[in-house]
Amino acid sequence: MVAFTQLALAFTAIVGTLAAPAAEPVGPDAPDFVLGGENLARRQDYNQNYKTGGSVNFQSSSNGYSVTFSGAGDFVVGKGWKTGTTRNITYSGSTTASSGTVLLSIYGWSKNPLVEYYIQEYSNGAGAAQGSKIGTLESDGSTYDIWKHQQVNQPSISGTATFWQYISVRQKKRTDGGTVTVANHFDAWAKAGLKLGSMDYQTLATEGWGNAGGNSKYTISGA
């Protein structure tokens, strides 16, 4: 998570005020991973004492998720795959932000090396962009800025650790949907010397911090 502070997600309910996207038939690369609930609790509780106010109400379906939040200190939820690949990810829906920082990204991790990565499609501010800007790439109708940032002794999927973040930030922000050609970003990162390891989960995710308020609702598919 971009903003690691002594905060936490207070899940006040699993059933949100937004209805989850309706289940629909999906193809062979159907989403099989939920970032939220137990998975999120494990991610955020690596020898840290997180406390936060506010509420985050999250619900997932077979091919998407919905979330509504207010006064949220620090959270990330989403839907995706247990194992990341260079799949093309298509999403459809919307995000609104009324307060704090809110972003929508393709979000995942690799191990050996341990890397947290973002392909940021939208933020109401700078969002995930931090550290050093090292280049750009053209993909899916927009220029993306490439950033590299080191997190020191912060929570990760491998416990408290020091690791790199690779971040692509779309200049033409979009929330309503489109296709993300993940291979283009992985290739551009590799050319810039940003190496990924063995893939862990890969999701479309909504993230917020700093008294975040708003909502998201999406369906996703991979090809």
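Bear in mind the structure is a predicted one, so any value in this text is a computation, not a measurement.

> When you look at unusual backbone geometry in this model, what are you seeing that I'm missing?
In terms of backbone geometry, most residues other than glycine have negative phi values and most peptide bonds are trans. Backbone torsion omega between Asn112 and Pro113 reads 10 degrees, so that peptide bond is classified as cis. Despite not being glycine, Asn153 has its phi angle at roughly 50 degrees, a positive value. Structurally, Asn153 can be placed in strand β7 (residues 142–154). The exposed category is assigned to Asn153, whose relative accessible area is 51%. The backbone of Asn211 shows a phi angle near 65 degrees, a positive value even though the residue is not glycine. For Asn211, the position within the fold is in strand β10 (residues 198–222). The exposure class assigned to Asn211 is partly exposed, which follows from its relative accessible area of 48%.

> Would you explain the confidence of the model for the protein chain in this entry?
Note: predicted coordinates in regions of low pLDDT should not be interpreted at a detailed level. Across the protein chain, pLDDT averages 85, with 80% of residues at or above 70. Contacts from residues 3–26, a stretch scored under 50 in pLDDT, to residues over four places away or in other chains number 85 contacts. pLDDT under 50 marks residues 45–51. Its contacts with residues more than four places away, or in other chains, come to 21 contacts.

What counts and how
Residues numbered from 1 in each chain as written. Predicted model: local features only at pLDDT ≥ 70, side-chain atom pairs only at ≥ 80, totals over all residues. Heavy atoms only, no water. Helix = DSSP H or I, 4+ residues; strand = E, 2+ residues; numbered from the N terminus. Buried < 20%, exposed > 50% of the residue type's maximum accessible area, 1.4 Å probe, protein only. pLDDT = per-residue confidence, 0-100. Contact = heavy atoms within 4.5 Å.

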